[in-house]
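# Geometric and topological summary
Spelled out, the chains give:
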Amino acid sequence: MGLITRIAFAVYGIALGTFSAPSMSQSIAATTIYYGGDILTMEGDVPVYAEAVAIRDDRIVLVGSRAETHRLEGPDTKLVDIKGRTLMPGFVDSHLHPVQGATMLMPRYVTPFDWKFPWGDAKAIRGSEAFFAKVTDYERAVTDPTEPLIVWGYLEPYHDRLNRSILDKISTSRPIIVWSFSAHEMYFNTAALNEYGLTAEQAKGNDQIDYEEGFYRESGLLQVAVPKIIHLLQTPEKINIGLQRLAQLVPLGGITTVGDMGTGSAGNIMADFNYNKVNLDTDTTPFRVRLVPDVKTLRLKTPDETELAATVEGLATLNTRRMLWGKQVKLYADGAFFGEAMQLEPPGYKDGHEGEWMMPPGDLQKAIAFWWSRDYDIHIHCNGSMALTAILDEVERLLAVEPRRGQRLIIEHFGVSTAGQVERAAKLGVNVSANPIYLYDLADYYTKGNLGPEAGPEIVRLGDLYRNNVRFALHTDFPMAPLEPLRLAWVAVNRVTAEGTEMAPHQKVPVYTALQSITINGAYMLRLEDEVGSIKAGKKADFVILNENPMKVNPMKIKDIEILGTVFEGESFPVK
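These remarks concern the structure in this document.

Procedures and definitions
- Numbers given to residues run from 1 along each chain, matching the order in which its sequence is written.
- Restriction of local features to residues with pLDDT of at least 70 applies here, the model being predicted, together with a cutoff of 80 or more for giving and counting side-chain atom pairs; totals for whole chains, interfaces and linings are based on all residues.
- In computing side-chain values, all of the structure's heavy atoms are included and hydrogens and water are not.
- Here an angle of 0 to 180 degrees is reported between the N-to-C directions of two axes, which are lines fitted to C-alpha atoms, with helices fitted over the stretch in contact.
- Only DSSP runs of H or I with at least four residues qualify as helices, and only runs of E with at least two residues qualify as strands; both kinds are numbered from the N terminus onward.
- Relative orientations are named as follows: roughly parallel for angles under 35 degrees, roughly antiparallel for angles over 145 degrees, roughly perpendicular for angles from 65 to 115 degrees, and oblique for any other angle.
- In this description, contact between two residues means that some pair of their heavy atoms is separated by no more than 4.5 Å.
- Two aromatic rings, drawn from Phe, Tyr or Trp (for Trp, its six-membered ring), form a pair once their centres lie within 6.5 Å of each other, and the interplanar angle then sorts them: stacked below 30 degrees, edge-to-face above 60, tilted otherwise.
- Burial here depends on accessible area, computed with a 1.4 Å probe over protein chains only, as a share of the maximum for the residue type. Under 20% is buried, over 50% is exposed, and the range in between is partly exposed.
- Both a distance and an angle decide whether a charge sits over a ring: NZ of Lys or CZ of Arg must be within 6 Å of the ring centre and within 35 degrees of the ring normal.
- Here is the rule for handedness: rotate from the far helix to the near one, and if that takes an anticlockwise turn smaller than a right angle the crossing is left-handed, while a clockwise turn gives right-handed.
- Polar here means any residue other than Ala, Val, Leu, Ile, Met, Phe, Trp, Tyr, Cys and Pro, which are nonpolar, and Asp, Glu, Lys and Arg, which are charged; Gly is therefore polar.
- Take the number of residues in a helix, subtract one, and multiply by 1.5 Å to get its expected span.
- At least two DSSP bridges between two strands are needed for those strands to be called paired.

Packing of helix H17 (residues 437-448) against helix H20 (residues 485-494) brings their axes to within 8 Å, and their N-to-C directions diverge by 60 degrees. With respect to their mutual orientation, H17 and H20 come out oblique. Contacts between H17 and H20 involve Ile437, Leu439 and Tyr440 from the former and Arg487, Leu488, Trp490 and Val491 from the latter.

What follows is the structure, encoded as structure tokens:
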């Protein structure tokens, strides 16, 4: 522990009332005892509180009354009075992208939402004129005439249409690349297309590329454009700086466990792992990472099924204290929700356009069967109702021919669905890791636009999941949303959009259910529920300390609760 960390810990201890108390031998005594506020354990289906929790080193040894923990006090036991504040298990964000997120923490921001960062905030930019002006300002500020300009955050509902000709008006000599908010699309000006060897010939027959518009999406982006520009996006310096920035953001959200949901999605799984390990597997990192390999991308380099399975199985030998591979894989169904590329069942989109497949249904179903037969948990990126049907069909087929042996199948994102699909998912034992920010960011626009007044308000139908007893977690998919689990819970509880509109109130969930989705259910999706996600003897001593109790405040204030600090495996990390 460095000097600054020790000083911060000391200050934090004074603020919360830390002191030592003489008692039993230190060899069997608790290292630290927390008491004096609301200790919400997240054990069980109703709120359960404890008076105190005792930890020894990195584990919880007792959860109970203050009198019970008093018997574990030794001469060096630290007693932490949380002074009426709330202690909960550390939050779990089961789906984000560290390396991709690190990459996006480096370009210039032009997004329709405010982002707050320790190194400088990014204010919201809305409207086509404001977007054009901001990108133009960025271009003029770059002094090197050969340096490309990369901008992240374009979102059509807020910024209006974008194409190559618009970007050419900003510059015909400097390469300009605009990376969409969803990360599944990019726009190039003519100079960028020429500079990086992106040609009309390469685009022929690929309906996920519009060369004249300078527009690349989904597989057209990942397989054609990204290999030619990856050297711009993911230099070692940029990734290292970005991951170090990410390490600052995670604890600010009260998070102690994250899921890297698609390690290797840029094409090199070991490079992703090594970047994570170098930057995040340090003594000053107050969280762990569950790594889930992107086997869709890995298979492009390892087409032999026997070799592919052996490669994935061998990843667990690389585990460290903070870097954890498990028996889990990541697959992809349809396209981006933010880009209206999800695959919808009839009546589909109001304007008649069709979505995109990241993996055609036949290929996806074969991949599900392949990993299911090997007893892997399968996480599937799925945004639309047609994609969800393809997945449920395959699960039903598999269960008909062989019994489940403990495998878990998790729908990731869960954008557009039907009530009938939720009932079917419940019967098939399918789990959901949902992104409620879809509702917050886009429900107003999609309701007025291509989803219409029936499907638009029902985006991310958590209420139906709750009523059908489908286990669900909430995630940020960072950088699709800020690393703020309490904001996710707030959306789930209130169903209020960025425009202040209440959408489909029957899809609201109780506060406690929303809190389960960012603690114990998040841990379940990562198969870490025996280690983290609730406050229970034997589990890791991971906590978040909140200034107020989410169960006791006005539900509209949940997202504004101040996070005072986290405890990771027994070590305190106050918010600075």
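Quick look at the packing of aromatic side chains now. Evaluation of the coordinates by the stated rule reveals 24 aromatic pairs. Ring plane angle 85 degrees and centroid distance 5.6 Å describe the contact between tyrosine 109 and phenylalanine 117, whose orientation is recorded as edge-to-face. The class for tyrosine 109 is buried, based on a relative accessible area of 8%. On the basis of relative accessibility, which here comes to 9%, the residue phenylalanine 117 falls in the buried class. Judged by centre distance (5.6 Å) and plane angle (85 degrees), the ring pair of phenylalanine 338 and tyrosine 438 falls under edge-to-face. Within this pair, whereas phenylalanine 338 is found in the loop between strand S17 (328-332) and helix H14 (361-372), its partner tyrosine 438 is found in helix H17, the two being separated by 100 residues in sequence. Residues phenylalanine 338 and tyrosine 438 agree in their burial class; the two are buried. A cation sits over an aromatic face here: arginine 408 above tyrosine 524, 3.7 Å from the ring centre.

With that settled, the discussion passes to the packing of helix H10 (residues 236-252) against helix H11 (residues 269-280). It is the contact of H10 with H11, at a shortest axis distance of 9 Å, that shows an interaxial angle of 50 degrees. Looking at the two axes, H10 sits oblique to H11. Handedness of the crossing formed by H10 with H11: right-handed. Of the residues in H11, those touching H10 at Pro236, Ile239, Asn240, Leu243, Gln244 and Ala247 are Tyr275, Asn276, Asn279 and Leu280. For the contact of H10 with H11, the per-class residue count stands at 6 nonpolar, 4 polar and no charged.

Our focus in this paragraph is unusual backbone geometry. Following proline 346, the chain continues to proline 347 via a peptide bond in cis, the omega torsion being 15 degrees. Summarising the element assignment, proline 347 is placed in the loop between S17 and H14. For the bond from phenylalanine 478 to proline 479, the omega torsion is 20 degrees, close enough to zero to count as cis. By the secondary structure assignment, proline 479 is in the loop between strand S21 (472-474) and H20. Backbone geometry places aspartate 375, a non-glycine residue, at a positive phi of 65 degrees. Checked against the element boundaries, aspartate 375 lands in the loop between H14 and strand S18 (377-382). At aspartate 477, a residue that is not glycine, the phi angle is positive and equals roughly 55 degrees. Its place among the elements puts aspartate 477 in the loop between S21 and H20.

Turning our attention to helix H15 (residues 385-401). With 17 residues, H15 ought to run about 24 Å at 1.5 Å a step, and its terminal C-alpha atoms sit 25 Å apart, in line with that. Within H15, the full set of buried residues consists of Ser385, Ala387, Leu388, Thr389, Ala390, Ile391, Leu392, Glu394, Val395 and Leu398. Among the structural elements, H14, S18, strand S19 (409-413) and helix H16 (419-428) are those in contact with the buried residues of H15.

Here the focus is the sheet that holds strand S9 (residues 149-154). Spatially, the 6 strands line up as an open sheet ordered S8-S9-S10-S11-S13-S12, and their pairing is mixed. What marks the edges here is a single partner per strand, and that holds for strand S8 (108-109) and strand S12 (209-210). Pairing of S12 with strand S13 (residues 215-217), which is carried by 2 bridges, proceeds in the antiparallel orientation. Within S13, the position partnered with isoleucine 209 by the bridge is tyrosine 216.

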